[in-house]
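What follows is the residue order along each chain.
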Amino acid sequence: MTSIHATSDNLSTLTADALILGVTADGAISPHGQLDDEALATLSELAGKLDASGKVGATTVLPGVGLAAKRVVLVGLGDGTPTDLRLAAGSAARECGKEPSTVVIAIEADDDGIAAFAVGALLGAYRFTDYKSDAVMDDDATDEDTGTAWLVAGASADTLKRASIIAGAVAGTRDLVNTPPLDLFPGSFAEIAEGYAGAMGVEATVFDVQQLAEEGFNGILAVGMGSARLPRLVRLEWKPEGAKQTVALVGKGITFDSGGISLKPPKSMETMKSDMAGAAAVMHTVLGAAQANLQIGVVGWLCLAENMPSATAQRPSDVIRMYGGKTVEVLNTDAEGRLVLADGLVRAIEENPDVVLDIATLTGAQGVALGTQTSGVMGVDEIRAEVVAAADAVSEPMWPMPLPQHLLKQLESKVADLQNIAGPAGGMLSAGVFLQQFVGDAKWAHLDIARPAYNEASAHGFTPSGGTGAGVRTLLQFLENRANA
Ligand code: BES
Ligand code: MN
Ligand code: ZN
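A quick note: this is a predicted structure, and the numbers were derived from the prediction, not measured.

Quick look at the overall build of the protein chain now. Scanning the protein chain for helices and strands turns up 14 helices and 19 strands. Radius of gyration (C-alpha) of the protein chain: 24 Å, near the 23 Å computed for a compact globule of 485 residues. Projected onto its principal axes, the C-alpha coordinates of the protein chain cover approximately 80 × 45 × 45 Å. Evaluated residue by residue, the protein chain yields a buried proportion of 57% over its 485 residues. Considering only contacts within the protein chain whose residues lie at least 6 apart along the sequence, 75% involve residues at least 24 apart.

Below, the structure written as structure tokens:
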């Protein structure tokens, strides 16, 4: 198991696979009070010879000359802001050797800086090896993560606890996103959610197909009925005593999106195991709120379905009566996310939460508009601004986007109340306008994390390739801001 603790020991005598030290803008090692003068002088000489850079995330690896540590990872701290420290830590964590058992961090920074560095290091060290036969195994030869013991100089226990909760929520989300759809499907996802919830004081309710049918969740059913693995809706609730408000979170959980009868081309399907990233983010945010004992009610809704083409799949031109009664003509079965989310949103809003956020890998158009790293945020102005502010505070790239009301015209169906696709222009926005038809006057925002949720490129900073955990840090910050307001 990965663990993180404070240390006040002398850094020269600490046994570790790696010791991470910072380099400032002038190329000098940022001296740490727990490193003795002699060790600092030796390392400074080596750093000087190798022109160690203070540029954010630049790494220089030295042998641990005169130290108990095997190696020293020098990392440029850039401007020393939490944003730069988080990024730098991610890069440093990837230079600590394969499966290090102990890593020491000794960065000169204030509490916020150390917190950001700790989160960045834990996130940068993430690996997904569940399906590698040659991955390092524990003594009992299970596939449990063997983990690293992190020791952080000059840190408070509270700071490190918070960092490990945040990093754990992101890593858990990444694991789910990376898990192949053979193993992660609506039923198994719901069981995983129930298992975690039970262990963490979160109440879980699973709606199976029979209940979904009885209560009219026909958006979720229509999307899920083409698969042999039937859909689920999961409700998770963290309810601390005396909480003054409740935030509802609704996540798109398409465990695989083939497109359905409107089948995707093969290339576009390769990353579609990530189409449940919103639901995974919601689940781990609720669990994180519970672990952190945030004094705010949180209800998470996981809208789980596998979108498959088959003899039982929905067809283009089918009309479904959504939860709450609105009818939708399904002209493209690949625009399935908005169908499951609309059911989830209407159900979530029935309970009168103070705010409702949905998070979804909703449109390819998100990537066209904002690229692979910046998520789009739409909704009620005030809530959209609150989400973007939370994102800014933790340096997750998110940008406010509009919901142009002229697009509603394109969502008008000849036979039903709405159709599920609009014209090609502004695809992220028309998806948002579609969802808007289901939220009434709720204080709502929608996060489209389509491309940011899955990194198809190689690792950078604290972001690995594959599942990224996009949105989790923002959602936790959003909740924390409200809980402490
Ligand atoms: N899951 C996809 C969106 C997506 C695309 C996520 C690429 C991540 C990367 C979604 O269900 C989808 O297929 N959207 C369609 C909507 C269209 C049919 C209106 C799209 O974006 O092409
Ligand atoms: Mn789709
Ligand atoms: Zn999808």
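Before going further, it helps to examine the site of ligand 1. Close contacts around ligand 1 come from 16 residues, with Lys264, Asp275, Asp334, Glu336 and Gly364 the closest. Taking Lys252, its side chain carries an N or O atom lying 3.2 Å from an oxygen atom of ligand 1. Here an oxygen atom of ligand 1 and a side-chain polar atom of Asp334 are 2.8 Å apart. Burial of ligand 1 by the protein chains amounts to 77% of its free accessible area of 520 Å². If you map ligand 1 onto the pockets, it falls in the second largest pocket. Here the residues of the shell around ligand 1 sort into 4 nonpolar, 4 polar and 8 charged.

Below, the discussion takes up the environment of Glu480. Residue position: Glu480 is located in helix α14 (residues 472-484). C-alpha separation for the pair Glu480 and Ala289, spaced 191 residues apart in sequence, amounts to 8.2 Å. Every residue in contact with Glu480, bar those within four places of it in the chain, is listed here: Arg162 and Leu294.

Below, the discussion takes up the coordination of the zinc ion (ligand 3). Around the zinc ion (ligand 3), the protein supplies Lys252 (NZ), Asp257 (OD), Asp275 (OD) and Glu336 (OE) as donor atoms, at distances of 2.0 to 2.4 Å. Around the zinc ion (ligand 3), the 6 donor atoms sit at angles spanning 77 to 173 degrees, and that spread fits a shape best called octahedral. For the zinc ion (ligand 3), the donor residues sit on a single chain with the sequence spacing K-x4-D-x17-D-x60-E.

On to the sheet that holds strand β13 (residues 355-360). A sheet is described by the order of its strands in space; here 8 strands give the open sequence β7-β8-β10-β9-β13-β17-β14-β15, paired in mixed fashion. Two strands lie at the open edges of the sheet, namely β7 (203-207) and β15 (398-400), each paired on one side alone. Within the sheet, the average angular offset between the axes of one strand and its neighbour, ignoring direction, is 20 degrees. Contacts between α14 and the sheet are confined to β9 (246-257), β10 (297-307), β13, β15 and β17 (444-448), with β13 contributing the most and set at about 170 degrees to the helix.

This next bit is on the packing of aromatic side chains. Tallied over the entire structure, the rule returns 5 aromatic pairs. Arranged with centres 5.9 Å apart and planes meeting at 35 degrees, the rings of Phe128 and Tyr131 form a pair that is tilted. Between the aromatic rings of Phe207 and Phe217, the centroid separation amounts to 5.8 Å while the plane-to-plane angle is 75 degrees, which identifies the pairing as edge-to-face. With a gap of 10 residues between them, Phe207 in strand β7 and Phe217 in the loop between α6 (209-215) and α7 (218-224) connect regions that are remote in the sequence. Exposure remark for Phe207: the relative accessible area of 5% places this residue in the buried category. Relative accessible area serves as the criterion here: at 0%, Phe217 is assigned to the buried category. Aromatic rings pair up to connect Phe207, Phe217, Trp301 and Tyr323 into one cluster. Positioned above the aromatic ring of Tyr126 is the side chain of Arg174, whose terminal nitrogen or guanidinium carbon lies 5.2 Å from the ring centre. One Lys or Arg, Lys326, reaches over the ring of Phe438 and ends 5.6 Å from the middle of that ring.

What follows deals with unusual backbone geometry. With phi around 95 degrees, Ser317 is a residue other than glycine that occupies positive phi space. Relative to the assigned elements, Ser317 resides in the loop between β10 and β11 (318-321). Unusually for a residue other than glycine, Ser395 sits at a positive phi of about 55 degrees. Residue Ser395 is classed as partly exposed on the basis of its relative accessible area, which comes to 25%.

The biggest cluster of nonpolar side chains holds 82 residues, and the ones touching the most others in it are Ile20, Phe117, Phe189 and Leu302. It is helix α9 (residues 277-291) that contributes the most residues to this core, 10 residues altogether. If near-sequence neighbours (up to four positions away) are discounted, Phe117 is found in contact with Ile20, Val75, Leu77, Leu85, Ala88, Ala89, Ile105 and Ile107. Counting residues in hydrophobic clusters, the runner-up holds 48 residues, among them Leu221, Cys303, Leu341 and Ala342.

Within the protein, the atoms that donate to the manganese ion (ligand 2) are Asp257 (OD), Asp334 (O), Asp334 (OD) and Glu336 (OE), at distances of 2.0 to 2.2 Å. Because the angles between the 6 donor atoms bound to the manganese ion (ligand 2) fall within 71 to 169 degrees, the donor set is best described as irregular. Every donor residue of the manganese ion (ligand 2) comes from the same chain, spaced as D-x76-D-x1-E.

Taken domain by domain, the protein chain consists of domain 1 (3-155) and domain 2 (179-484). Counting from both sides, the interface comprises 13 residues of domain 1 and, opposite them, 12 residues of domain 2. Of the roughly 960 Å² buried at the junction of domain 1 and domain 2 (both faces included), carbon and sulfur atoms supply 60%. At the boundary of domain 1 with domain 2, the tally comes to 0 salt bridges. One can count 5 residue pairs in polar contact (both at pLDDT 80 or more) joining domain 1 with domain 2. Elements supplying a minimum of two residues to the side of domain 1 that touches domain 2: α2 (82-93) and α3 (111-124).

Attention shifts here to the sheet that holds strand β4 (residues 71-76). An order of β1-β6-β5-β2-β4-β3 is seen for the 6 strands of this open sheet, with the pairing classed as mixed. Pairing within the sheet leaves two strands with one partner each, and these edge strands are β1 (3-7) and β3 (59-63). Strand-to-strand twist of the sheet, defined as the mean angle between neighbouring strand axes without regard to direction, takes the value 25 degrees.

Here we come to empty space enclosed by the protein. In this structure the tally under the stated criterion is 1 cavity of 30 Å³ or more. Ala222, Val223, Gly226, Gly260, Ile261, Asn307, Met308, Ala313, Gln314 and Thr333 together form the lining of the largest cavity. Here the lining of the largest cavity is composed, by residue class, of 5 nonpolar, 5 polar and no charged.

Basis of the calculations
Residues numbered from 1 in each chain as written. Chains lettered and ligands numbered in written order. Predicted model: local features only at pLDDT ≥ 70, side-chain atom pairs only at ≥ 80, totals over all residues. Heavy atoms only, no water. Helix = DSSP H or I, 4+ residues; strand = E, 2+ residues; numbered from the N terminus. Rg over C-alpha atoms; globule rule 2.2 N^0.38 Å. Buried < 20%, exposed > 50% of the residue type's maximum accessible area, 1.4 Å probe, protein only. Contact = heavy atoms within 4.5 Å. Near = heavy atom within 4 Å. Polar contact = N/O pair within 3.5 Å; in protein donor to acceptor, adjacent residues only side chain to side chain. Areas by Shrake-Rupley, 256 points an atom, 1.4 Å probe, with all protein chains shown as cover. 1 Å grid on protein atoms, 1.4 Å probe; cavity = no way out; pocket = protein on both sides within 12 Å on 5 of 7 lines; lining within 4 Å. Sits in = over half its atoms within 2 Å of the grid points. Nonpolar A, V, L, I, M, F, W, Y, C, P; charged D, E, K, R; others polar. Donors = N, O, S within 2.8 Å, 3.2 Å for Na, K, Ca; no water. Tetrahedral: all angles 85-135°; square planar, octahedral: opposite > 155°, others 65-115°. Pairing = 2+ DSSP bridges. Axes fitted to C-alpha atoms, helices over the stretch in contact; angles between N-to-C directions. Phe/Tyr/Trp six-rings, centres within 6.5 Å; stacked < 30°, edge-to-face > 60°. Lys NZ or Arg CZ within 6 Å of the ring centre and 35° of its normal. Core = buried A, V, L, I, M, F, W, Y, C linked by side-chain atoms within 4.5 Å. Domains from an automatic or database assignment. Buried area = accessible area lost by both parts, 1.4 Å probe. Salt bridge = Lys/Arg side-chain N within 4 Å of Asp/Glu carboxyl O. Points joined across faces, edges and corners; volume = space filled by probe spheres on them.

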